[in-house]
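# Inside the fold
Single-letter residue listing:
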Amino acid sequence: FDTKEELNRIIQSLDSQLIDRVNATRKFDVVSRSDLADVIKEQDLGASGNVDSKTAAKAGKLTGAKYLLVCTVDDFDDYIEKAVFEGTGQTATKRVFRFSIVGKLYDSTTGKLIESANFQTGNDEFKQIAMERSYTVKSGELSDEMMVGISRSMAEKIANHLVDVIFPAKVLIKRDNIVTINRGEGGGVAVGEVFNAFALGEELKDPDTGELLGREEVKVGKVKISQVNAKTSQAEVLEDTGIDKGAVLRKTQ
């Protein structure tokens, strides 16, 4: 089978899945280059006089994007590996699947690279996706449903990392042993996950370049997600040496 064709179909699915997953974080207004032609065409139609002026799309400048996300596939393999055991003549086969993407996040106003990370899907996750969704997995070939599943999994990884870099989860309020955080469904949190809590200190500046490096972070505790709502989540405090409103939460490794 043609792995190049398989990869092209995964990438096509990933484009729409990534838009959906980034939008689901509720932190960004997403503008996709793949959709720009349709947006502009609709604006032109609205200005043509052939549609109701009250409901027509208004022509005008598109808002400039603050951030630019560039994703590049750096590794893809999907094949059946066959091993022959000497002496017995017995054979065994194993499905080998690898999919890796390098994601680069730029500040489009300065052109500066903010973050670069590698996202991978391998054999273990491949099997997990197939089991959880009951997707059909042909011998050495992916079904359309499985391609969508892999694309969705990769898109979730990229979107969650993106929002963690720019808008890390924060404590909105703390009541007794429960905190409410500003992440909900689609925000990369799940019941049972544990996060370290950090209090923000002084702004840090590189003495050589003058570059702002963010703020000092001091660990003040640990929380465990107990409930995920549409826009917020609740977490049980496991450790507390100063958790308060505004504390930053980072998922434990």
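For the structure itself, look to the data block above.
None of the values given here were measured: they were computed from a predicted structure.

Turning our attention to the nonpolar core. Core analysis: the largest hydrophobic core is formed by 25 residues, its most contacted members being F99, I150 and M154. With 10 residues, helix 4 (residues 144-166) is the single largest residue contributor to this core. Counting 15 residues, the second-largest nonpolar core is a separate cluster that includes V179, V189, V223 and I243.

Another aspect to go through is the sheet that holds strand 1 (residues 67-84). Strand order in the open sheet made by the 3 strands is 1-2-3, with antiparallel pairing throughout. The open sheet has two edge strands with one neighbour each: strand 1 and strand 3 (112-121). For this sheet, the mean angle separating the axes of adjacent strands, direction not counted, is 10°. Note that strand 2 (residues 91-107) and strand 3 share 9 bridges and pair antiparallel. Bridging from a neighbouring strand, F99 pairs with T121 of strand 3. Taken strand by strand, helix 1 (residues 3-24) contacts strand 1 and strand 2, and its axis lies near 145° from that of strand 1. This element, helix 4, spans strand 1, strand 2 and strand 3 of the sheet and lies at about 150° to strand 3.

Further remarks concern the pairing of strand 8 (residues 194-205). Bridge analysis of strand 8 against strand 9 (residues 212-228) gives 9 bridges, and the strand direction is antiparallel. What sits directly across from A199, in strand 9, is V218. In this antiparallel pair of consecutive strands, strand 8 and strand 9, the connection spans 6 residues, and G210 shows a positive phi of 80°. Sheet topology places strand 8 next to strand 11 (residues 248-251); 4 bridges connect them, and they run antiparallel. Each bridged residue has a counterpart across the sheet, and for N196 the counterpart in strand 11 is R250.

For helix 1, built from 22 residues, the straight-helix expectation of 32 Å at 1.5 Å per residue is met to within 8% by its first-to-last C-alpha distance of 30 Å. Taken together, the buried positions of helix 1 are occupied by E6, L7, I10, S13, L14, Q17, L18, R21, V22 and A24. In the segment just after helix 1, R26 is the residue with positive phi, at about 65°.

The next subject is unusual backbone geometry. Note: most peptide bonds trans; most residues except glycine with negative phi. Although it is not a glycine, R26 adopts a positive phi angle of roughly 65°. Position of R26 relative to the elements: it lies in the loop between helix 1 and helix 2 (33-46). Despite not being glycine, D176 shows a phi value in the positive range, around 55°. Secondary-structure assignment places D176 in the loop between strand 6 (169-175) and strand 7 (178-181).

On to the packing of aromatic side chains, then. Here the structure, examined in full by the defined rule, presents 3 aromatic pairs. Between F76 and F97, the ring centres sit 5.8 Å apart and the planes meet at 90°, which makes this aromatic pair edge-to-face. Highlighted residues: F76 in strand 1 and F97 in strand 2, separated in sequence by 21 residues. One exposure class covers both F76 and F97, and it is buried.

Here we come to the side chain of D107. As for its position among the elements, D107 is in strand 2. Given a relative accessible area of 13%, D107 falls into the buried group. With residues near it in sequence (within four places) discarded, D107 still touches K66, K112 and I114.

Turning next to the pattern of salt bridges. A side chain of one charge can pair with a side chain of the opposite charge when the charged atoms of the two come close. Applying the stated rule across the entire model yields 9 salt bridges. Across the pair D77 and R98 runs a salt bridge, and its minimum N-O distance is 2.7 Å. Here the residue D77 occupies a position in strand 1, and R98 occupies one in strand 2, the gap between them amounting to 21 residues. Notably, a salt bridge pairs E217 with R250, separated by 2.7 Å at the nearest N-O pair.

Rules of the game
Residues numbered from 1 in each chain as written. Predicted model: local features only at pLDDT ≥ 70, side-chain atom pairs only at ≥ 80, totals over all residues. Heavy atoms only, no water. Core = buried A, V, L, I, M, F, W, Y, C linked by side-chain atoms within 4.5 Å. Buried < 20%, exposed > 50% of the residue type's maximum accessible area, 1.4 Å probe, protein only. Helix = DSSP H or I, 4+ residues; strand = E, 2+ residues; numbered from the N terminus. Pairing = 2+ DSSP bridges. Axes fitted to C-alpha atoms, helices over the stretch in contact; angles between N-to-C directions. Contact = heavy atoms within 4.5 Å. Expected span 1.5 Å × (residues − 1). Phe/Tyr/Trp six-rings, centres within 6.5 Å; stacked < 30°, edge-to-face > 60°. Salt bridge = Lys/Arg side-chain N within 4 Å of Asp/Glu carboxyl O.

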